[in-house]
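Observations on the three-dimensional arrangement
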Amino acid sequence: PGAVLWVFKNFPLQMHPQAPAAAVAGECAAEQGRFFDMHHLLFETQDDWSVTNPDPVLAGLAAQLEMDSAAFEACLSSRQALERVLVDLFEGQASVRSTPTFFFLFDGGGTGVEGTRDPADFAAILETQLEAAIEAAATRTP
């Protein structure tokens with residue numbers, strides 16, 4: 001707490017035709033404070049929403065999470081959430097080659113790590129980055 005800011009950016013892959021719709025669903029869930037709940041549920045139910053019209057399935061997932069259905073569906077049909085997804089996608093095109101990709105940034109610099117990691121490995125990478133950031137901050141002259 002206080003040492004790390006976790007930022008999630010959408011990067012829906014073209015090989016998954018309904019990935020943009022799922023990313024929008026995540027953004028709409030975020031408006032109700034349920035982003036990661038929806039994120040996890042989307043991965044668990046990929047086969048269900050990987051259909052021609054995923055919106056009814058996505059709305060059902062929101063209902064399963066006991067979200068405000070009317071607000072979720074209004075968000076899903078608006079362009080605002082899609083625009084946020086597209087901004088993330090365009091920003092990532094210069095540096096993301098695969099998903100997931102994690103960026104550890106500090107003071108204008110950082111490193112990227114591609115692919116899934118064991119939680120212990122991920123914690124070690126994060127700890128190394130935190131130590132480097134603390135060391136860099138300590139050696140700076142005021």
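Rules and cut-offs
Residues numbered from 1 in each chain as written. Predicted model: local features only at pLDDT ≥ 70, side-chain atom pairs only at ≥ 80, totals over all residues. Heavy atoms only, no water. pLDDT = per-residue confidence, 0-100. Helix = DSSP H or I, 4+ residues; strand = E, 2+ residues; numbered from the N terminus. Contact = heavy atoms within 4.5 Å. Salt bridge = Lys/Arg side-chain N within 4 Å of Asp/Glu carboxyl O. Buried < 20%, exposed > 50% of the residue type's maximum accessible area, 1.4 Å probe, protein only. Patch = residues over 30% accessible without salt bridge, like charges linked within 9 Å, V, L, I, M, F, W, Y side chains within 5 Å. Areas by Shrake-Rupley, 256 points an atom, 1.4 Å probe, with all protein chains shown as cover. Pairing = 2+ DSSP bridges. Axes fitted to C-alpha atoms, helices over the stretch in contact; angles between N-to-C directions. Parallel < 35°, antiparallel > 145°, perpendicular 65-115°, else oblique. Left-handed = near helix turned anticlockwise from the far one by under 90°. Nonpolar A, V, L, I, M, F, W, Y, C, P; charged D, E, K, R; others polar.

Some remarks on the confidence of the model for the protein
On average, residues of the protein score 92 in pLDDT, and 98% of them reach the 70 mark or higher. Element-level pLDDT for the protein is lowest in strand β2 (residues 109-114), with a mean of 84, against a maximum mean of 98 in helix α4 (residues 55-64).

A short note on the environment of Pro 100
Secondary-structure assignment places Pro 100 in the loop between α6 (80-92) and β1 (101-106). Residues Pro 100 and Gly 115, 15 residues apart in the sequence, show an inter-C-alpha distance of 5.2 Å. Non-local contacts of Pro 100, meaning those with residues more than four positions away in its chain, are made with Val 113, Glu 114, Gly 115 and Thr 116.

Structural notes on the pattern of salt bridges
One pass over the structure, following the stated rule, counts six salt bridges. A salt bridge links Lys 9 to Glu 91; the nearest nitrogen and oxygen atoms lie 3.2 Å apart. Here the residue Lys 9 occupies a position in the segment before α1 (19-30), and Glu 91 occupies one in helix α6, the gap between them amounting to 82 residues. For Lys 9, a relative accessible area of 45% gives the class partly exposed. Under the relative-accessibility criterion, Glu 91 is labelled partly exposed at 49%. Several salt bridges converge on common partners, so that one network encompasses Lys 9, Asp 88 and Glu 91.

Re a nonpolar patch on the surface
A cluster of nonpolar side chains, contributed by Trp 6, Phe 8 and Phe 36, occupies part of the molecular surface with about 300 Å² of accessible area. Mapped onto the elements of the fold, Trp 6 is located in the segment before α1. A relative accessible area of 48% places Trp 6 in the partly exposed class.

Some points on the pairing of β2
Alignment of β1 against β2, held across six bridges, turns out to be antiparallel. Residue Phe 106 lies in a different strand from β2, and its bridge partner there is Gly 109. The loop that links β1 with its antiparallel partner β2 comprises two residues; one of these, Asp 107, has a positive phi angle of about 55 degrees.

Some thoughts on the packing of α1 against helix α2 (residues 35-44)
Packing of α1 against α2 leaves a shortest axis separation of 7 Å and a crossing angle of 150 degrees. Considering the angle they form, α1 stands roughly antiparallel to α2. In this structure, α1 meets α2 at a crossing whose hand is right-handed. Contacts between α1 and α2 pair Ala 22, Ala 25, Gly 26, Glu 27, Ala 29 and Ala 30 from the former with Phe 35, Met 38 and Leu 42 from the latter. By residue class, the composition of the contact of α1 with α2 is seven nonpolar, one polar and one charged.

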